[in-house]
Amino acid sequence: MSLSCGGYRGCSFGTQKNRRNLYEAAATLNGAPSWVDDNEATICSGCSQQFTLLRRRHHCRHCGKIFCASCCRERRPLPKFDYLEPVRVCRGCAQLCWKAESLLLAIRSSNIEAVTRYVKGGKDCNFYTGVFPPLTIAASEGRLEMVQLLLAGGAHVHHAVMPCWWYEDSLFQTDHVGVTALHAAVQAQGSAPIAQALLEARADANARTHKGNTALLFASNGGHLDCAR
């Protein structure tokens, strides 16, 4: 199983404005924060400057608060909220996104020192901006030590991939919706030690994907009998 969100290919939502409206509607279903009402914000949540006809309001797509253009100028894609194109985020959320991306880079590049610093620094091991959280990615790539570190740091072992507005193009066809770290561990790499570590952390062996597959079925179909046992 290749853990990738599929990018923006296959999405044909018409104009940019229509795409934005569809993204925002889908993001509400995917757990994105509710936006603060324009009428409730008279000052910027960042610099506290008064809003005027020239200093306009802008919503951070990650936290939902209202900022001025200067405090909300960063743009990042947020696939977990169905924003595949870069959207506005405030400075604070931009820093969180950067840290999350740095963690995933460390996992994928086998930089155990960086992951150790991240966990021991008390940072959120469940924060991510893409489709898959750090624990699922570490499990999919067979990184046992990183899986153990993330679990010790409070990573949620029961996290399952949420449906996305665009999932029928990529996620549905490859059965990613509903995938947990345990599914990922027994799929491509077929790591029995990682599966054991996740089960000891009380991963649900009966969790099913959108198509009804359990981790046992994934392991069996992949020929990973040690994982199936």
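Located above this text is the structure these notes cover.
Since the structure is predicted, the reported quantities are computational estimates derived from the model, not experimental observations.

(A) Representation of the overall build of the protein chain. What the protein chain contains, in helices and strands, is 10 helices and four strands. Looking at the protein chain as a whole, 45% of its 229 residues qualify as buried. Long-range contacts, defined here as pairs at least 24 residues apart, represent 59% of the contacts in the protein chain between residues at least 6 apart. Entry remark: accessible area of the protein chain is about 11,900 Å², with carbon and sulfur atoms responsible for 50%.

(B) Quick peek at the pairing of strand β3 (residues 74-78). For β3 and strand β4 (residues 83-89), the ladder comprises four bridges, and the chain directions are antiparallel. In the strand pairing of β4, R76 is matched with V87. Linking β3 back to β4 in an antiparallel pair, the connection comprises four residues, with D82 at a positive phi of about 75 degrees.

(C) Region of interest: the layout of surface pockets. A volume near 220 Å³ is recorded for the second largest pocket. A195, L199, C227, A228 and R229 are the residues nearest the centre of the second largest pocket, which is lined by 14 residues in total. The set of elements that each furnish at least two residues to the lining of the second largest pocket consists of α7 (181-186), α8 (192-200), α9 (215-221) and α10 (225-228). No other element matches α8, which puts four residues into the lining of the second largest pocket. Partitioned by chemical class, the residues of the lining of the second largest pocket number 11 nonpolar, one polar and two charged.

(D) Here's a closer look at the pattern of salt bridges. With the rule as written, the count across this model stands at three salt bridges. With a closest N to O distance of 2.7 Å, R76 and E101 form a salt bridge. Within this pair, whereas R76 is found in strand β3, its partner E101 is found in helix α2 (residues 91-108), the two being separated by 25 residues in sequence. Using a relative accessible area of 30% as the deciding quantity, one classes E101 as partly exposed. Between E141 and R143 there is a salt bridge, with its nearest N and O atoms 3.4 Å apart. The network of salt bridges with common partners includes R108, E141 and R143.

(E) Summary view of the environment of H156. Of note, H156 is situated in the loop between α5 (144-152) and α6 (171-174). When neighbours within four sequence positions are excluded, H156 is seen to be in contact with N126 and L135.

(F) Fine view of α8. Among the residues making up α8, those that are buried are I194, A195, A197 and L198. Down the axis of α8, the buried set is contained in an arc of 160 degrees. They therefore lie on one face. Looking at the buried residues of α8, the elements they touch are α4 (134-140), α5 and α7. For α8, the capping residue at the N-terminal end is S191, with a side-chain oxygen 3.3 Å from the backbone nitrogen of I194. After α8 finishes, the residue R202 shows a positive phi value of roughly 75 degrees.

(G) Expanded view of the packing of α2 against helix α3 (residues 112-120). Orientation of α2 relative to α3, taken along the N-to-C sense of each, is 140 degrees, at an axis distance of 8 Å. It follows from the interaxial angle that α2 and α3 lie oblique. As for how α2 packs across α3, the hand of that crossing is left-handed. Taken together, the residues of α3 that come into contact with α2 (itself represented by K99, L103, A106 and I107) are A114, V115 and Y118. For the contact of α2 with α3, the class distribution of residues is six nonpolar, no polar and one charged.

Criteria and thresholds
- Residues numbered from 1 in each chain as written.
- Predicted model: local features only at pLDDT ≥ 70, side-chain atom pairs only at ≥ 80, totals over all residues.
- Heavy atoms only, no water.
- Helix = DSSP H or I, 4+ residues; strand = E, 2+ residues; numbered from the N terminus.
- Buried < 20%, exposed > 50% of the residue type's maximum accessible area, 1.4 Å probe, protein only.
- Contact = heavy atoms within 4.5 Å.
- Areas by Shrake-Rupley, 256 points an atom, 1.4 Å probe, with all protein chains shown as cover.
- Pairing = 2+ DSSP bridges.
- 1 Å grid on protein atoms, 1.4 Å probe; cavity = no way out; pocket = protein on both sides within 12 Å on 5 of 7 lines; lining within 4 Å.
- Points joined across faces, edges and corners; volume = space filled by probe spheres on them.
- Nonpolar A, V, L, I, M, F, W, Y, C, P; charged D, E, K, R; others polar.
- Salt bridge = Lys/Arg side-chain N within 4 Å of Asp/Glu carboxyl O.
- Arc of directions from axis to C-beta.
- Polar contact = N/O pair within 3.5 Å; in protein donor to acceptor, adjacent residues only side chain to side chain.
- Axes fitted to C-alpha atoms, helices over the stretch in contact; angles between N-to-C directions.
- Parallel < 35°, antiparallel > 145°, perpendicular 65-115°, else oblique.
- Left-handed = near helix turned anticlockwise from the far one by under 90°.

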